[in-house]
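Each chain, written out:
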Amino acid sequence: MDKHKLDDFLRGWFVGGFEPSLYRTTDVEVAVQHFSKGDKERAHFHKIATEITVIVSGKARMNGHILTSGDILRISPGEVTDFEALEDTITTVVKLPGALNDKYLEEKC
């Protein structure tokens, strides 16, 4: 048995084909992320991976949807989404497959 801290991992990502990782695989990526009210992520999409985001606690806006504790949003490949924490928020994110370098920022026209 190994004991670790979430803070030991980059932005909460602890399973995937990257380092550091508790379980190195390209089948899936898993993260638990903490956001402060007002934190934002730019609009992006994945060409290969499906991303599933669970709001564990707090309130956030993703792709125009207001999400609260217990809400789950599945984002399919090619679908654009953004993120804004409307209050302090904790998410669990699963991305499958764990396709490295599969995040593309949306270009503003």
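Structure's up top.
Just so you know, these numbers come straight off a predicted model, no measurement behind them. (Residues numbered from 1 in each chain as written. Predicted model: local features only at pLDDT ≥ 70, side-chain atom pairs only at ≥ 80, totals over all residues. Heavy atoms only, no water.)

Okay, unusual backbone geometry next. Here Glu-19 and Pro-20 are connected by a cis peptide whose omega angle stands at -5°. Checked against the element boundaries, Pro-20 lands in the loop between β1 (13–15) and β2 (29–35). Pro-97 follows Leu-96 through a cis peptide bond whose omega is -5°. Along the chain, Pro-97 falls in the loop between β9 (89–96) and β10 (104–105). With a phi angle near 55°, Arg-11 is a residue other than glycine that sits in the positive phi range. Topologically, Arg-11 is positioned in the segment before β1. Accessibility expressed as a relative area gives 46% for Arg-11, which makes it partly exposed. Of note, Asn-63 is a non-glycine position whose phi angle comes to about 55°, a positive value. Judged by its relative accessible area of 40%, Asn-63 falls in the partly exposed class. (Helix = DSSP H or I, 4+ residues; strand = E, 2+ residues; numbered from the N terminus. Buried < 20%, exposed > 50% of the residue type's maximum accessible area, 1.4 Å probe, protein only.)

When the charged atoms of two side chains lie near each other, side chains of opposite charge can form a pair. Here the structure, examined in full by the defined rule, presents four salt bridges. A salt bridge links Glu-19 to Arg-24; the nearest nitrogen and oxygen atoms lie 2.9 Å apart. For the pair Glu-19 and Arg-24, a shared accessibility class is recorded, and that class is exposed. With a closest N to O distance of 2.8 Å, Arg-61 and Glu-84 form a salt bridge. Of the two residues, Arg-61 is situated in strand β5 (residues 59–62) and Glu-84 in strand β8 (residues 81–85); the sequence distance between them amounts to 23 residues. Its relative accessible area of 22% is what places Glu-84 among the partly exposed residues. (Salt bridge = Lys/Arg side-chain N within 4 Å of Asp/Glu carboxyl O.)

Now for the nonpolar core. The biggest cluster of nonpolar side chains holds nine residues, and these are Phe-35, Ile-55, Ala-60, Met-62, Leu-67, Leu-73, Ile-75, Phe-83 and Ala-85. Elements with a minimum of two residues in this core: β5, β7 (72–75) and β8. When neighbours within four sequence positions are excluded, Ala-85 is seen to be in contact with Phe-35, Ser-36, Lys-37, Gly-38, Asp-39, Lys-59 and Ala-60. (Core = buried A, V, L, I, M, F, W, Y, C linked by side-chain atoms within 4.5 Å. Contact = heavy atoms within 4.5 Å.)

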